[in-house]
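As a plain string of letters, each chain reads:
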Amino acid sequence: MADVEVVEDEHAWIARVGEHVAGELVWRESHDGTAVVLVHTQVEEGFEGQGVGGALVRAAVDRLAEQGRTVRPDCPFARAWLQRHPDHPVQVQQRS
């Protein structure tokens, strides 16, 4: 696994490996304001399979759990990550 640094941006969590942007997890507020919607996880070519996507989702849901926010994982990767980690303390809202 690569040494991944994740930083929070205005509408994304950005993963860096060294000096390179390795991926991002884009988010937005839900229309009714009840949840943070995880929209899309993108890992750059050359960084796949190195734990970048998982690091992005973990950083996002850790931060949102700290804030007491609810997460709606519209992104298939984030949804699968949360299903593999059912013990994570973040509150999850399914898309209706």
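Reference entry: report on the structure contained in this document. Remember, predicted model here, so these are calculated numbers, not experimental data.

As a further point, take the overall build of the protein. Of regular secondary structure, the protein possesses two helices and six strands. Element order for the protein, N to C, with α for helix and β for strand: β-β-β-β-α-β-α-β. Taken against the 2.2 N^0.38 rule, which gives 12 Å for 96 residues, the C-alpha radius of gyration of the protein at 13 Å falls within 12% of a compact globule. Put simply, the protein has 96 residues, and 39% of those count as buried. Long-range contacts, defined here as pairs at least 24 residues apart, represent 42% of the contacts in the protein between residues at least 6 apart. Roughly 5700 Å² of accessible area belongs to the protein as shown, and the carbon and sulfur atoms make up 46% of that amount.

A few words on the packing of aromatic side chains. Overall, the coordinates contain one aromatic pair when judged by the stated rule. Relative to Trp27, the ring of Trp13 has its centre 6.0 Å away and its plane inclined at 45°; by these criteria the two rings are tilted. Pair noted here: Trp13 is in strand β2 (residues 12-17) and Trp27 is in strand β3 (residues 20-29), with a separation of 14 residues, a long-range link.

Right, let's talk about the sheet that holds strand β6 (residues 91-92) for a bit. With mixed pairing, the six strands of this open sheet are ordered in space as β1-β2-β3-β4-β5-β6. The sheet terminates laterally at β1 (5-8) and β6, the two strands that pair on one side only. Sheet contacts for helix α1 (residues 52-66): β1, β2, β3, β4 (36-43) and β5 (70-73); angle to β4, the most-contacted strand, approximately 160°. Sitting on the sheet, helix α2 (residues 76-84) touches β4, β5 and β6, and the angle it makes with β5 is about 120°.

Here the focus is the pattern of salt bridges. Tallied over the full model, the rule gives four salt bridges. In this structure, Arg69 engages Glu29 in a salt bridge whose closest nitrogen and oxygen atoms are separated by 2.8 Å. Of this pair, Arg69 sits in the loop between α1 and β5 while Glu29 is found in strand β3, placing the two residues 40 residues apart along the sequence. The class of Arg69 is partly exposed, set by a relative accessible area of 23%. Note that Arg63 and Glu66 form a salt bridge whose closest N and O atoms lie 3.7 Å from each other. With Arg63 and Glu66 both in helix α1, this residue pair falls three residues apart, about one helical turn.

So, how was this worked out
Residues numbered from 1 in each chain as written. Predicted model: local features only at pLDDT ≥ 70, side-chain atom pairs only at ≥ 80, totals over all residues. Heavy atoms only, no water. Helix = DSSP H or I, 4+ residues; strand = E, 2+ residues; numbered from the N terminus. Rg over C-alpha atoms; globule rule 2.2 N^0.38 Å. Buried < 20%, exposed > 50% of the residue type's maximum accessible area, 1.4 Å probe, protein only. Contact = heavy atoms within 4.5 Å. Areas by Shrake-Rupley, 256 points an atom, 1.4 Å probe, with all protein chains shown as cover. Phe/Tyr/Trp six-rings, centres within 6.5 Å; stacked < 30°, edge-to-face > 60°. Pairing = 2+ DSSP bridges. Axes fitted to C-alpha atoms, helices over the stretch in contact; angles between N-to-C directions. Salt bridge = Lys/Arg side-chain N within 4 Å of Asp/Glu carboxyl O.

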